[in-house]
Amino acid sequence: MRHLLRDAGLSPAGRLVDAAEETGPSGVLVVPGAASLTMPGFDAQFVPPPKWADAVRERGHVYLVFTTRPWPSGAEPGDLATLDAFTSDQDTLRSAAHVLLPARTLHTG
């Protein structure tokens with residue numbers, strides 16, 4: 001993960017990188033029922049929860065935290081208690097890259 005972050009121009013040092021005002025290849029495209037994250041060396045498609053997609057459309061950006069710490073051994077990905085503990089852990093946050101990325105939508109005329 002550290003290598004991937006460095007290749008994308010990010011540092012896992014807990015500092016926020018604001019890429020929301022930059023023009024370039026990085027960003028999130030949000031369409032009904034789907035989203036696509038694009039960064040140098042990294043592309044991912046996912047199905048966001050409706051509340052998340054609504055908030056992104058309203059704000060125009062996403063705040064992503066890319067942690068370098070592994071997910072707790074044996075923990076299920078959908079376990080909300082584990083997710084809350086993992087994402088609020090100070091060691092997790094200090095060893096992560098934080099980035100604010102622009103969000104785009106497809107406009108139809």
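Structural data are supplied above this passage.
Residues numbered from 1 in each chain as written. Predicted model: local features only at pLDDT ≥ 70, side-chain atom pairs only at ≥ 80, totals over all residues. Heavy atoms only, no water.

Caption draft 1: Molecular detail of the layout of surface pockets. If you add up the space inside the largest pocket, you get close to 510 Å³. As for the largest pocket, its lining consists of Met1, Leu37, Phe42, Pro48, Pro49, Trp52, Tyr63, Leu64, Val65 and Phe66. When residues in the lining of the largest pocket are grouped by element, the largest group, four residues, is from strand E5 (residues 61-67). (1 Å grid on protein atoms, 1.4 Å probe; cavity = no way out; pocket = protein on both sides within 12 Å on 5 of 7 lines; lining within 4 Å. Points joined across faces, edges and corners; volume = space filled by probe spheres on them. Helix = DSSP H or I, 4+ residues; strand = E, 2+ residues; numbered from the N terminus.)

Caption draft 2: Structural detail: the packing of aromatic side chains. Here the structure, examined in full by the defined rule, presents three aromatic pairs. Taking 6.2 Å as the distance between ring centres and 85 degrees as the angle between the ring planes, the aromatic pair formed by Phe42 and Phe66 counts as edge-to-face. Highlighted residues: Phe42 in strand E4 (residues 42-46) and Phe66 in strand E5, separated in sequence by 24 residues. For Phe42, a relative accessible area of 25% gives the class partly exposed. Classification of Phe66 by relative accessible area gives buried; the value is 11%. (Phe/Tyr/Trp six-rings, centres within 6.5 Å; stacked < 30°, edge-to-face > 60°. Buried < 20%, exposed > 50% of the residue type's maximum accessible area, 1.4 Å probe, protein only.)

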